[in-house]
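Descriptive analysis of the structure
Residues per chain, in single letters:
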Amino acid sequence: MMLESAGIEGIIELDHERVDTKMEIPGVNDVKPNLRIRHVSKSFQSKNGSVYVLEDINFEIKQGEFVCLVGPSGCGKTTLMNIVAGLEKADSGEVWANGRRVSGAGTDRVVIFQEAALFPWLNVIKNVEFGLKLKGINSRERRNIALEYLKMVHLTKFQNSHVHELSGGMKQRVAIARALAMNPDMLLMDEPFSALDAQTRWILHFELQNIWMKTKKTIMFVTHNIREAVCLADRIFILSTSPGRIKKEFFVDLPRPRDDNDVHVAEYSTRIMKELKAEIDKVVKCEMDADSCTECDIKCTTEAPAKTDIGGGI
Amino acid sequence: MYSILKRVIFFVLLITLWEMLFWWGIWPEYILPSPVSVCKTLARGFRDQSLLIGIAISMKRIAIGYGISIGAGIFLGLLIGRFRIFEETLGSLISGLQTLPTICWLPLALLWFGLNDRAIIFLVFMGAVLSITIATDAGVKSVPSLYIRAAKTMGAKGLKLYLEVIIPAALPHIIIGMKQGWSFAWRSLMAGELLIVCLGLGHLLMIGRELNDMSQVIAVMLVIILIGILVDRLFFMKVERHMRERWGLVKS
């Protein structure tokens, strides 16, 4: 095990390639793991043969932890998210959530996508009630639960609005309320704020942190925005491209709620950026010079196999 | 308001022209009756209830035929839209049959069902079902996979996925198909009633022809137009407007 003390106080950096999966970090291992990913690999077929999008991914997320997966475009982070959600199958390896092996989508792991995916035929509150209705909860009770979570995202005023009347940020907040109303053990967030403007994102970072501190849900958050990851996460995994592997792991122990513009957040982001730079260079090189690129073969079209995933990509 | 005024003036002028043509007496009355006698025939038809009975019988037939075709059309459309095997087999059959004018089913209907109500209901059904099937298929295929994935992570599967997500998401397409299906069904109904003698509005048209009573022919035609407009205004326009507002398809 390799423990490297970082320049900034409260930050631990781990070189993941040399870390055993059963690592012992003092103080973090007392809580039981909520999500366990073991040797997960996934490849897609391309004209040059099969290409690994994910290769031997191993990690655990503990109950109540906020974890961010960061990586450049096409590193397979959305694929990994889909595998955890049960929307896609891994070629090999296994995912355990709450002690049960993941074999399909389940209400214990609700996904929040890049686009809010609210249903336009339902108004705001009916959208929040959607999952509760499927669970068979009676109409009065589900209305109460829905109102409670709409209140949490400060949108009670808009409960009877149509979806198209909301702004992008409001839609995403309704999506968060809808996911929380299911009372899942885990929230899976797939670049939920990447389509929003900086201002809205800034507000939502506070809101999400507050919600997380209130509900203590386990959150797995995928992003390509490093500062966002530092602002939100307890722990950050950096994924490499082609094949997608976990390259580094960072612990962020800054006080909450954190601000994107906080000097520590900024400083720390810069350090992670350096780690990622090699990876980004690789992607850029591929995209600029697709013909002669030997390092990857579908990378430049890595998003192509995932035709079904609207929420994917950057 | 202004457009309504223009419309009223247009129709008043049209009826005046018609009345003038009648008064000139270029054509005999059994070819061109006066608007007044058409109105009288209409009033008489409602008074002696012959028109009302005709309307009731025709509406009953279309309600049954069209009702069945909505259920069957949505079901078939879902099958074709969701399952590759049905798309490759049933889908090609449906699009082939769509090119066949509905009235061509009449000989078959007569042999299968005889000269009765059921033959006409079958024609109505055949008129609407294909449009609804094709529109539902298109609607199902256009449902964003994001909705389906989001619903799955919230526990939607099997029949509930269809009832709570796929059908509502495809509804704008289904409504368009239903509207087109309605107009085909209405045409098929009239064609069937003209050719099979068993009451209904189409039959009243034929009686008018047999009695050389042109004013009855025109009166019944007016009723048929009116019903078509009423169904369109009272049902489809309202549903479409509601849908547009809800989905935010058009800024009103």
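What counts and what doesn't
- Residues numbered from 1 in each chain as written.
- Chains lettered and ligands numbered in written order.
- Predicted model: local features only at pLDDT ≥ 70, side-chain atom pairs only at ≥ 80, totals over all residues.
- Helix = DSSP H or I, 4+ residues; strand = E, 2+ residues; numbered from the N terminus.
- Contact = placed C-beta atoms within 7 Å.
- Buried ≥ 20, exposed ≤ 12 C-beta atoms within 10 Å, placed from the backbone.
- pLDDT = per-residue confidence, 0-100.
- Nonpolar A, V, L, I, M, F, W, Y, C, P; charged D, E, K, R; others polar.
- Expected span 1.5 Å × (residues − 1).
- Pairing = 2+ DSSP bridges.
- Axes fitted to C-alpha atoms, helices over the stretch in contact; angles between N-to-C directions.
- Parallel < 35°, antiparallel > 145°, perpendicular 65-115°, else oblique.
- Left-handed = near helix turned anticlockwise from the far one by under 90°.

Turning our eyes to something else, we now look at the overall build of chain A. What chain A contains, in helices and strands, is seven helices and 12 strands. Restricting to contacts in chain A with at least 6 residues of sequence separation, those with at least 24 account for 71%.

From N to C terminus, chain B includes 11 helices and zero strands. Ordered by position from N to C terminus, the α and β elements of chain B give α-α-α-α-α-α-α-α-α-α-α. Counting every position in chain B, which comprises 252 residues, the buried fraction comes to 37%.

With that settled, consider the environment of Cys231(A). Residues and elements named next belong to chain A. Structurally, Cys 231 can be placed in helix H6 (residues 226–232). Sequence-wise, Cys 231 and Asp 259 are 28 residues apart; in three dimensions their C-alpha atoms are separated by 6.3 Å. Non-local contacts of Cys 231, meaning those with residues more than four positions away in its chain, are made with His 205, Arg 258, Asp 260 and Val 265.

What follows is about the confidence of the model for chain B. Looking at chain B as a whole, the pLDDT averages 92, with 99% of positions reaching at least 70. This prediction of the complex comes with two scores: 0.81 for pTM and 0.81 for ipTM.

Each partner contributes residues to the interface: chain B has 19 residues there, and chain A has 24 residues. Of all elements in the fold, only helix H8 (145–153), helix H9 (158–195) and helix H11 (214–247) of chain B reach the threshold of two or more residues within the side of chain B that touches chain A. It is H8(B) that provides the largest number of residues to the side of chain B that touches chain A, a total of seven residues. Its residues assigned to classes, the side of chain B that touches chain A shows 10 nonpolar, four polar and five charged.

Turning our eyes to something else, we now look at helix H1 (residues 2–24) of chain B. All names here are of chain B. The terminal C-alpha atoms of H1 lie 33 Å apart, and with 23 residues this matches the ideal 33 Å at 1.5 Å per residue to within 8%. Little of H1 is tucked away: zero of the 23 residues are buried. Positive phi appears at Gly 25, one or two residues downstream of H1, with a value of about 70 degrees.

Here the focus is the pairing of strand E12 (residues 245–252) of chain A. As defined by bridge partners, strand E11 (residues 235–240) of chain A adjoins E12(A) across six bridges and the pair is classed as antiparallel. Residue Phe237(A) lies in a different strand from E12(A), and its bridge partner there is Glu249(A).

A separate point is the sheet that holds strand E4 (residues 49–62) of chain A. All names here are of chain A. One open sheet accounts for four strands, arranged E4-E3-E6-E7; its pairing is antiparallel. Each edge of the open sheet is held by one strand with a lone partner, namely E4 and strand E7 (100–101). Here strand E6 (residues 92–97) pairs with E7 via two bridges, running antiparallel. Paired with Ala 97 across the strands is Arg 100, a residue of E7.

Once that is clear, we can look at the confidence of the model for chain A. Residues and elements named next belong to chain A. This prediction gives chain A a mean pLDDT of 81; 82% of its residues lie at or above 70. Across residues 1–9 the pLDDT falls below 50, and counting only partners more than four positions away or on other chains, this stretch makes 16 contacts in the model. Segment residues 297–314 is flagged for pLDDT under 50; beyond a separation of four residues in sequence, or across chains, it makes 42 contacts in the model.

A word on the environment of Ile211(A). Residue and element names in this part refer to chain A. Residue position: Ile 211 is located in helix H5 (residues 198–215). Taking the number of C-beta atoms within 10 Å as the measure of exposure, Ile 211 has 21 and is therefore buried. It is 29 Å that separates the C-alpha atoms of Ile 211 and Ser 103, two residues lying 108 residues apart in sequence. Discounting residues that sit within four places of it in the chain, Ile 211 has contacts with Met 152 and Ile 176.

As a further point, take unusual backbone geometry. A cis amide bond links Arg256(A) to the next residue, Pro257(A), at an omega of -5 degrees. Within the secondary structure layout, Pro257(A) lies in the loop between E12 and helix H7 (263–288). Despite not being glycine, Gln49(B) has its phi angle at roughly 65 degrees, a positive value. Among the secondary structure elements, Gln49(B) is positioned in the loop between helix H2 (35–47) and helix H3 (50–82).

In a pair of packed helices, the angle between the axes and the distance between the axes together describe the arrangement. All names here are of chain B. Close contact between H3 and H9 brings their axes to 8 Å; oriented N to C, the two are set at 140 degrees. Between H3 and H9, the crossing angle belongs to the class labelled oblique. With respect to the hand of their crossing, H3 and H9 are arranged in right-handed fashion. Contacts from Ser 58, Arg 61, Ile 62, Gly 65, Tyr 66, Ser 69, Ile 70, Gly 73, Ile 74 and Leu 78 in H3 reach Tyr 162, Ile 174, Gly 177, Met 178, Gly 181, Trp 182, Ala 185, Trp 186, Leu 189 and Glu 193 in H9. Considering only residue class, the contact of H3 with H9 consists of 12 nonpolar, six polar and two charged.

Bringing the pairing of E6(A) into the picture now. Where a strand is regular, its side chains alternate between the two sheet faces. All names here are of chain A. The pairing of strand E3 (residues 33–46) with E6 spans five bridges and is antiparallel. Across the sheet, residue Arg 36 finds its bridge partner in E6, namely Trp 96. As consecutive antiparallel partners, E6 and E7 are separated by two residues, and within that stretch Asn 98 has a phi angle of approximately 50 degrees, a positive value.

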